[in-house]
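Each chain, written out:
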Amino acid sequence: MNNSSQSARDALALLAADRRRFLRMALGTGAAAFGLPLAGPALAGRAAEVSRVEAGRHEGFTRYVFAISNPVDFDTLLLDNPARAVIDIHSTRLKDVSLPSTPDSPVVKGLRVGVRNGHDLRLVFDLKKRARPQIIILPPTGGGSHRLVVDLPHGGGADTVIAERPDVPRQESTLQSGSGAFRDLVVAIDPGHGGKDPGAIGRRGTREKDIVLNIGLQLRDLIAATPGLTPVMTRDDDRFIPLRQRTEIARRHEADLFISVHADAFRLASAKGASVYCLSQNGASSEAARWLAAKENSADFVGGASLSGHDEDVASVLLDLAQTKTLESSLDFADRVLQRIGNIAKLHKHDVQQAGFAVLKSPDIPSILVESAFISNPQEEQRLRSSSYQRQIAQSILEGVNSYYTAHAPQGTRYAML
Ligand SMILES: [Zn+2]
């Protein structure tokens, strides 16, 4: 016992001060963030009723809250000339509800409602300018209804991309609200490959590194426009970044989540569909996954850096413990993203996959890797090239982030105050 606790202290002493969150977790004092029960998959399908609608203007966004009998699925659509945001809420109807008067808002002109496909509720926000609604569904508190919350960002300052000012400490991005200061959740976005490492290449010559950068930039903009979230990019241009540096960038910015974006390839052109990966604890969960993991990890050798695992050697036991907790969070988050992507794309596998990707190895940051589609499949290569598919993937990831933080809002964040 003495030996093991001594070596644990030695291992901890070797961890740098900027890993204090990891230290807290390894020492068991950060358990609150991990002690939350995992929520199940979002419910969907049952007929729902909206019993109340409220609207108000807030700092940076205009909010509509719909009290709703149960969780729902929805689709969003942005229209121009004139600018409108349309939200179709599946299998839902209004129950003797009067709509609130429109708040004094720089973005919302008014709200109209209608019936779509006989059973869906259609909300049409008439807008003064283009704005992408951010939607989350909150569970009941104290026996009340679920709430579907639609935030329409006012734009301007909210669109500032923090990743271009990488040395700004988190405090400067803290938002103010009536009930005090709260911190933004930092979402690290990692477009795979880059520079001398093109990633997979499609038959038409499409390079994975270009596609995933576009998806990453779209995701960055969506996250920057979402109150309570701040994006950080591991790369925002065509440059090579070794795998270890990617997780280090995330750690330096105290990222709360890490999302690596890739496009898949396989020797059979028929392979198709999107997948979402988490780190495996016991090696790859399937032959295909193992093959893929080896391919992604080899990027470090392309850049000339070795896969030195010195840190892990020293602290491997502690890292394993921490990773088990983090992996639970990663799996939950990954499942939410997978469901959202499943709404807009074919899935390669209907369960979250697990493999030994190096970029997913942060012990304290829930991390996922999204394979957007198969660039080796000619039809999917075509789709990956379209900015609308790229945007849909980015939007799906954002909705997964919203869903995850709605269920697991860390204290002191905006999500915890909703
Ligand atoms: Zn890749």
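Conventions adopted
Residues numbered from 1 in each chain as written. Predicted model: local features only at pLDDT ≥ 70, side-chain atom pairs only at ≥ 80, totals over all residues. Heavy atoms only, no water. UniProt positions renumbered as here; feature names shortened; annotations may be inferred. Pairing = 2+ DSSP bridges. Helix = DSSP H or I, 4+ residues; strand = E, 2+ residues; numbered from the N terminus. Axes fitted to C-alpha atoms, helices over the stretch in contact; angles between N-to-C directions. Core = buried A, V, L, I, M, F, W, Y, C linked by side-chain atoms within 4.5 Å. Buried < 20%, exposed > 50% of the residue type's maximum accessible area, 1.4 Å probe, protein only. Domains from an automatic or database assignment. Contact = heavy atoms within 4.5 Å. Parallel < 35°, antiparallel > 145°, perpendicular 65-115°, else oblique. Salt bridge = Lys/Arg side-chain N within 4 Å of Asp/Glu carboxyl O. pLDDT = per-residue confidence, 0-100. Expected span 1.5 Å × (residues − 1). Phe/Tyr/Trp six-rings, centres within 6.5 Å; stacked < 30°, edge-to-face > 60°. Lys NZ or Arg CZ within 6 Å of the ring centre and 35° of its normal. Left-handed = near helix turned anticlockwise from the far one by under 90°.

Going by the annotation in an unreviewed UniProt entry, the name recorded for the protein chain is N-acetylmuramoyl-L-alanine amidase AmiC, with Guyparkeria halophila given as the source organism. UniProt, in the comment section headed Sequence similarities (unreviewed entry), describes the protein chain in these words: "Belongs to the N-acetylmuramoyl-L-alanine amidase 3 family." UniProt's Catalytic activity (unreviewed entry) comment on the protein chain is quoted here verbatim: "Hydrolyzes the link between N-acetylmuramoyl residues and L-amino acid residues in certain cell-wall glycopeptides."

Asker: Could you clarify how one ought to interpret the sheet that holds strand β8 (residues 134-138) in this entry?
Answerer: Hydrogen bonding along the main chain pairs the strands of a sheet, whether they run parallel or antiparallel. The strand order β5-β1-β2-β9-β8 describes an open sheet built from five strands, whose pairing is mixed. Two strands lie at the open edges of the sheet, namely β5 (92-94) and β8, each paired on one side alone. Strand-to-strand twist of the sheet, defined as the mean angle between neighbouring strand axes without regard to direction, takes the value 30 degrees.

Asker: How do you make sense of the nonpolar core when you look at a structure like this?
Answerer: Considering soluble globular proteins, one finds that nonpolar side chains tend to be buried as a cluster. L229, I259, I341 and I368 are the most contacted members of the largest nonpolar core, which totals 65 residues. With eight residues, helix α9 (residues 387-407) is the largest single contributor of residues to this core. Mapped onto the domain boundaries, this core takes at least three residues apiece from domain 1 (48-158) and domain 2 (160-417). Setting aside residues up to four positions removed in sequence, L229 forms contacts with D184, L185, V187, I223, L398, V401, N402, Y405 and Y415. Core analysis: the second largest hydrophobic core is formed by 27 residues, A83, V97, L121 and F125 among them.

Asker: Honestly, the packing of helix α8 (residues 378-385) against α9 in this entry has me stumped. Any pointers?
Answerer: The relative placement of two packed helices comes down to the angle between their axes together with the axis-to-axis distance. Two elements in contact, α8 and α9, have axes whose closest approach is 5 Å; the angle formed by their N-to-C orientations is 80 degrees. The angle between the axes of α8 and α9 places the two elements in the roughly perpendicular class. In this structure, α8 contributes R383, L384 and R385 to the contact, and α9 contributes S387, Y389 and Q390.

Asker: Whenever I open this one, the pattern of salt bridges confuses me. Can you help?
Answerer: Pairing is possible between side chains of opposite charge, provided their charged atoms come close. Using the criterion set out here, one finds 18 salt bridges in the structure. The residue D88 makes a salt bridge to R122 at a minimum N-O spacing of 2.7 Å. Here the residue D88 occupies a position in strand β4 (residues 84-89), and R122 occupies one in strand β7 (residues 120-127), the gap between them amounting to 34 residues. The buried category is assigned to D88, whose relative accessible area is 9%.

Asker: How should I be thinking about the confidence of the model for the protein chain in this particular structure?
Answerer: This prediction gives the protein chain a mean pLDDT of 76; 72% of its residues lie at or above 70. Confidence, expressed as mean pLDDT per element, reaches its minimum in the protein chain at strand β10 (residues 175-177) with 33 and its maximum at strand β12 (residues 185-191) with 97.

Asker: Can you help me understand the sheet that holds strand β15 (residues 275-279) in this one?
Answerer: Taken together, six strands build an open sheet; the order of strands is β13-β12-β14-β17-β15-β16 and the sheet is mixed. Looking at which strands have only one partner, the edges of the open sheet turn out to be β13 (229-233) and β16 (353-355). On average, each strand axis in the sheet is inclined to that of its neighbour by 30 degrees, with strand direction left out of account. Pairing geometry for β15 and strand β17 (residues 367-374), over three bridges, is antiparallel. Bridge pairing in β17 places S275 opposite E371.

Asker: Any chance you could explain α9 here in plain terms?
Answerer: Along an α-helix, residues three or four positions apart point the same way, because every turn accommodates 3.6 residues. End to end, α9 covers 30 Å across 21 residues, agreeing with the expected 30 Å (1.5 Å per residue, within 8%). Buried residues dominate α9, accounting for 16 of its 21 residues.

Asker: Would you mind showing me how to read the packing of aromatic side chains here?
Answerer: For any pair of aromatic rings, the description consists of the separation of the ring centres together with the inter-plane angle of the planes. In total, this model carries six aromatic pairs according to the counting rule given. Residues Y64 and F125 carry aromatic rings whose centres are separated by 5.0 Å and whose planes lie at 70 degrees to one another, so their mutual orientation is edge-to-face. Pair noted here: Y64 is in strand β2 (residues 61-68) and F125 is in strand β7, with a separation of 61 residues, a long-range link. Side by side, Y64 and F125 carry an identical accessibility label, which is buried. The rings of F333, Y404, Y405 and Y415 are connected pair by pair, giving a single aromatic cluster. Directly above the ring of F240 sits K196, whose terminal nitrogen or CZ lies 5.6 Å from the centroid. If you follow R414 out to its NZ or CZ, it ends over the ring of F61, 4.5 Å from the centre.

Asker: Where do I start with the packing of helix α3 (residues 208-224) against α9 in this structure?
Answerer: Where α3 contacts α9, the axes come no closer than 8 Å and their chain directions differ by 50 degrees. Between α3 and α9, the angle falls in the class oblique. Where α3 crosses over α9, the two elements pack in a sense that is right-handed. Between α3 and α9, the residues in contact are I211, N214, I215, Q218, L219, L222 and I223 and S387, Q390, R391, I393, A394, Q395, I397 and L398, respectively.

Asker: Before we go on, may I ask you to explain unusual backbone geometry in this structure?
Answerer: Trans is the common state for peptide bonds, and a negative phi is the common state for residues other than glycine. A cis amide bond links N81 with the next residue in sequence, P82, at an omega value of -5 degrees. By secondary structure assignment, the location of P82 is in the loop between β3 (74-79) and β4. Within the chain, N81 stands out as a residue other than glycine whose phi angle is a positive 50 degrees. Inspection of the secondary structure puts N81 in the loop between β3 and β4. Residue D96 is not a glycine yet carries a positive backbone phi of 45 degrees. Tracing the sequence through the fold places D96 in the loop between β5 and β6 (108-116).

Asker: So what exactly am I meant to see when it comes to the pairing of β7 here?
Answerer: A regular strand carries its side chains on alternate faces of the sheet. The element β7 is extensively covered by neighbouring structure, given that seven of its eight residues are classed as buried. Where β4 lies against β7, six bridges are found, and the strand directions are antiparallel. From the neighbouring strand, I89 faces β7, where its bridge partner is L121. Direction of pairing for β6 relative to β7: antiparallel, over a ladder of eight bridges. Within β7, the residue paired with R112 across the bridge is V124. Where β6 folds back on β7, the antiparallel hairpin that results is connected by three residues, among which N117 adopts a positive phi of roughly 55 degrees.

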